[in-house]
Amino acid sequence: MTAKRPYVLILFYSRHGATRAMAERLAAGVEACPGIDARLRTVPAVSATCEAVAPEIPEAGAVYATLDDLRHCAGLAIGSPTRFGNMAAPLKYFIDGTSELWLGGALIDKPATAFTSTSSLHGGQETTLISMLLPLLHHGMVYAGLPYSEIELMETSAGGTPYGASHLAGTRSDRPLDEHERTLAFAQGKRVAHLALALAAARQEAK
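Okay, so let's go over this structure. (Residues numbered from 1 in each chain as written. Predicted model: local features only at pLDDT ≥ 70, side-chain atom pairs only at ≥ 80, totals over all residues. Heavy atoms only, no water.)

Turning our eyes to something else, we now look at the overall build of the protein chain. The helix and strand inventory of the protein chain stands at seven helices and seven strands. Taken from the N to the C terminus, the helices and strands of the protein chain come in the order β-α-β-α-β-β-α-α-β-α-β-α-β-α. For 207 residues, the compact-globule estimate of 2.2 N^0.38 gives 17 Å, and the protein chain sits close to it at 16 Å. Reported as C-alpha extents along the three principal axes, the dimensions of the protein chain are approximately 50 × 50 × 30 Å. Out of the 207 residues belonging to the protein chain, those deemed buried represent 46%. Taken as a whole, the protein chain presents about 10700 Å² of accessible surface, with 56% of it coming from carbon and sulfur. (Helix = DSSP H or I, 4+ residues; strand = E, 2+ residues; numbered from the N terminus. Rg over C-alpha atoms; globule rule 2.2 N^0.38 Å. Buried < 20%, exposed > 50% of the residue type's maximum accessible area, 1.4 Å probe, protein only. Areas by Shrake-Rupley, 256 points an atom, 1.4 Å probe, with all protein chains shown as cover.)

Of all the residues in helix 5 (residues 125-138), the buried ones are Gln125, Thr128, Leu129, Ser131, Met132, Leu133 and Leu136. The inward-facing, buried residues of helix 5 contact strand 3 (75-83), strand 4 (86-87), helix 3 (89-96), strand 5 (111-118), strand 6 (142-143) and strand 7 (166-168). Directly beyond the C-terminal end of helix 5, a positive phi value near 80° is found at Gly140. (Contact = heavy atoms within 4.5 Å.)

Below, the discussion takes up helix 1 (residues 18-31). With 14 residues, helix 1 extends 20 Å from end C-alpha to end C-alpha; this agrees with the ideal 20 Å at 1.5 Å per step. Here helix 1 has its buried residues at Ala18, Thr19, Met22, Ala23, Arg25, Leu26, Ala27, Gly29 and Val30. Next to the buried residues of helix 1 lie strand 1 (7-12), strand 2 (37-42), strand 3, strand 5, strand 7 and helix 7 (179-206). (Expected span 1.5 Å × (residues − 1).)

Read these as geometric descriptors, not functional statements.
Structure follows, in structure tokens:
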């Protein structure tokens, strides 16, 4: 029986499409690394209405994530627009429901990274990324940011941080990713893919 190919789970929430565009660039970076796939997954919106109102399968785009998507990933990238300097509630709601994986240590020693988009240049990109890494550290994951060997970090006038890729979406959330932002998101996906393969091999050798 052929072993299943490893994959990086790219888990995101996107309201107006900017974070989804970033997720797709990270996926391209993952897919540029031989031997590993990208798996795009999203989460449903959170509603104050007590009854379930969202369909089980989205009408378009990535399907909703399950705990098994997270359990079996070789690496993880999580993305969210900023909400007052923090990740959006739908993504946090999903992450808050991963105690089962934490108890079993399912994500220990797997690489993780984060990405975000904001409507203003100083609208909380870095605090959002830092807050998103906290639950990943609780899961025992190995956080991977963007090193300054990516020269676009020194050249960008919009998104891009050493804590992870970011995007300036504009006040109407309609500004497309510029070349620096696209390059950095691609590099981030490629980096987490390389680390996922290397750490998976190291875990195998340790058995």
